[in-house]
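# Working through the structure, step by step
Chain residues, written in single-letter form:
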Amino acid sequence: MQSPDTPTTTTDPAARPAGPDPADRAARRAVTVFPVLVVAAGAFGLLSPGTFTGYGTYVPYLLGVVMFCMGLTMSLEDFRGVARRPWVVLLGLVAHYVIMPGLGWLIAHLLHLSPALAAGVVLVGCAPSGTASNVVTYLARGDVALSMSVATVSTVLAPLLTPPLTLLLAGQYLPVDAGSMVTDILKTVLLPVLAGLAVRLVAGRRIERVLGAMPWLSSLAIAAIVAVVVAGSADALKSAALTVLLAVVLHNGCGLALGYGCGRLARLGRPASRAMAFEVGMQNSGLAASLATAHFTPLAALPAAVFSVWHNISGALVAAWMARRGAGRVDTADA
């Protein structure tokens, strides 16, 4: 929801002009620049881990910056969207918090991951929706309003859902202090989001003048998180890179496919199904990295760091493929 140049339009994707427009160009620039920025940060952390020694304690504050920027990009319209289509949003929420945690546990089991990596993969699955999901939904000519509604609700409910799911599915790998995790999510996610939303409501037009800079600020913060996490486990990453990448690719790819499938099975129509794909398959990996660093080990944060890069790349590729299949038509089920 707060990737660079996030489009704010909620118009029918099928009604957009066929030719390129500024919003399309901005969104494509976002999904191109952001992964490059994160890859560069990860490479820096890998090649020069000593540069980031002692900065692990700053990860929660960096995540707070990301979530505050997310709050600034939100509006009351996001919550009104939930009220207009509560059952569709509920379906997206249930699909997200059932499919991704379950896939994380299954992949960790099938790949026989070490306890730290297994816990990290599960934690990624238990995180709320990814912060760039609405940008990718827009590029895919999906239902942006639904995407923003599901992302908003999944983020607000993260303190209630992420800790118990992590305890249930990752507790067999590493000790999980669910109570402490709730407190951390409240401090680093919910409070900054609500603070950003409050500032947006109070300041109004003054914030809108600088709103375009906020997504880039959050992107820099995510890149810094990745650099710190990678630096903390640079040696382990060199030996486990392929295993972690395989786990992340499977997790993300299956999530995208199953999310889209849920939408089609529920007869939501193609635009809404595309939104479901990205709301299920894209995770708030910044939160997962922060929680793994604070509650597990630096190695457990590696899946989140890799996921942060990969899900933006895969999301852009899938969105481009969907867009080429033609603009999503609004079926009768979308009405």
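Residues numbered from 1 in each chain as written. Predicted model: local features only at pLDDT ≥ 70, side-chain atom pairs only at ≥ 80, totals over all residues. Heavy atoms only, no water.

### Topic: the overall build of the chain
The number of helices and strands found in the chain is 15 helices and zero strands. Relative to its 335 residues, the chain shows a buried fraction of 57%. (Helix = DSSP H or I, 4+ residues; strand = E, 2+ residues; numbered from the N terminus. Buried < 20%, exposed > 50% of the residue type's maximum accessible area, 1.4 Å probe, protein only.)

### Regarding the side chain of serine 314
With respect to the helices and strands, serine 314 occurs in helix H15 (residues 302–324). Apart from residues lying up to four places away in sequence, serine 314 is in contact with Asn252 and Leu256. (Contact = heavy atoms within 4.5 Å.)

### Here we look at the packing of helix H13 (residues 270–281) against H15
Where H13 meets H15, the axes come as close as 11 Å, and the angle between the chain directions of the two elements is 170°. One way to sum up the angle between H13 and H15 is to call them roughly antiparallel. Residue-level contacts link Arg274, Ala277, Phe278 and Gly281 of H13 to Phe307, Gly315, Val318, Ala319 and Met322 of H15. (Axes fitted to C-alpha atoms, helices over the stretch in contact; angles between N-to-C directions. Parallel < 35°, antiparallel > 145°, perpendicular 65-115°, else oblique.)

### Concerning the layout of surface pockets
In this structure, the largest pocket occupies an estimated 320 Å³ of space. In this structure, the largest pocket is lined by 16 residues; those nearest its centre are Gly42, Val230, Leu237, Val306 and Val309. When residues of the lining of the largest pocket are traced back to their parent elements, those giving at least two are helix H1 (22–47), helix H11 (213–232), helix H12 (234–265) and H15. Across the lining of the largest pocket, the residue classes tally to 15 nonpolar, one polar and no charged. (1 Å grid on protein atoms, 1.4 Å probe; cavity = no way out; pocket = protein on both sides within 12 Å on 5 of 7 lines; lining within 4 Å. Points joined across faces, edges and corners; volume = space filled by probe spheres on them. Nonpolar A, V, L, I, M, F, W, Y, C, P; charged D, E, K, R; others polar.)

### A closer look at the environment of tyrosine 61
Within the secondary structure, tyrosine 61 is located in helix H2 (residues 59–73). Along the sequence, tyrosine 61 and threonine 188 sit 127 residues apart, while their C-alpha atoms lie 7.0 Å from each other.

### Details of the packing of aromatic side chains
According to the stated counting rule, one finds two aromatic pairs in the structure shown. Here the aromatic rings of phenylalanine 44 and phenylalanine 52 are separated by 5.2 Å at their centres, their planes lie at 80°, and the arrangement is edge-to-face. Take phenylalanine 52: its relative accessible area is 17%, and that puts it in the buried class. Taken together, a centroid distance of 5.7 Å and an interplanar angle of 40° make the contact between tyrosine 55 and tyrosine 58 tilted. With relative accessibility at 47%, the residue tyrosine 58 sits in the partly exposed group. (Phe/Tyr/Trp six-rings, centres within 6.5 Å; stacked < 30°, edge-to-face > 60°.)

### Comments concerning the pattern of salt bridges
All told, the structure shown has one salt bridge when counted by the stated rule. Linking arginine 85 and aspartate 143 is a salt bridge whose minimum nitrogen-to-oxygen distance equals 2.9 Å. Pair noted here: arginine 85 is in the loop between helix H3 (76–84) and helix H4 (86–110) and aspartate 143 is in the loop between helix H6 (133–139) and helix H7 (144–156), with a separation of 58 residues, a long-range link. The class for arginine 85 is partly exposed, based on a relative accessible area of 24%. (Salt bridge = Lys/Arg side-chain N within 4 Å of Asp/Glu carboxyl O.)

### Re unusual backbone geometry
Even without glycine at this site, histidine 112 takes up a positive phi of about 55°. If you trace the backbone, histidine 112 turns up in the loop between H4 and helix H5 (115–126). The backbone of arginine 267 shows a phi angle near 55°, a positive value even though the residue is not glycine. When you line up the elements, arginine 267 lands in the loop between H12 and H13.

### Section: empty space enclosed by the protein
Per the stated rule, a full pass over the model turns up two cavities of 30 Å³ or more. Looking at the largest cavity, the residues that line it are Phe34, Gly130, Thr131, Ala132, Ile222, Gln283, Asn284, Ser285, Gly286, Ser308, His311 and Asn312. Ranked by residue count, the leading element in the lining of the largest cavity is H15, at three residues. For the lining of the largest cavity, the per-class residue count stands at three nonpolar, nine polar and no charged. The volume enclosed by the second largest cavity comes to roughly 30 Å³. Along its surface, the second largest cavity is lined by Ile222, Ile225, Val226, Ser285, Gly286, Ala289, Ala304, Ala305 and Ser308. Those elements that place two or more of their residues in the lining of the second largest cavity are H11, helix H14 (285–295) and H15. Partitioned by chemical class, the residues of the lining of the second largest cavity number six nonpolar, three polar and no charged.

### Let's talk about the side chain of serine 308
Inspection of the secondary structure assignment puts serine 308 in helix H15. A relative accessible area of 3% means that serine 308 is categorised as buried. If we ignore the near neighbours within four places in the chain, the residues touching serine 308 are Phe34, Val38, Ile222, Val226 and Ser285.

### Focus on H14
Of all 11 residues that make up H14, nine are buried, and the element is covered over most of its length. Ser285, Gly286, Leu287, Ala288, Ala289, Ser290, Leu291, Ala292 and His295 are the residues of H14 that are buried.

Note that all results are geometric; they support no functional claim without further evidence.
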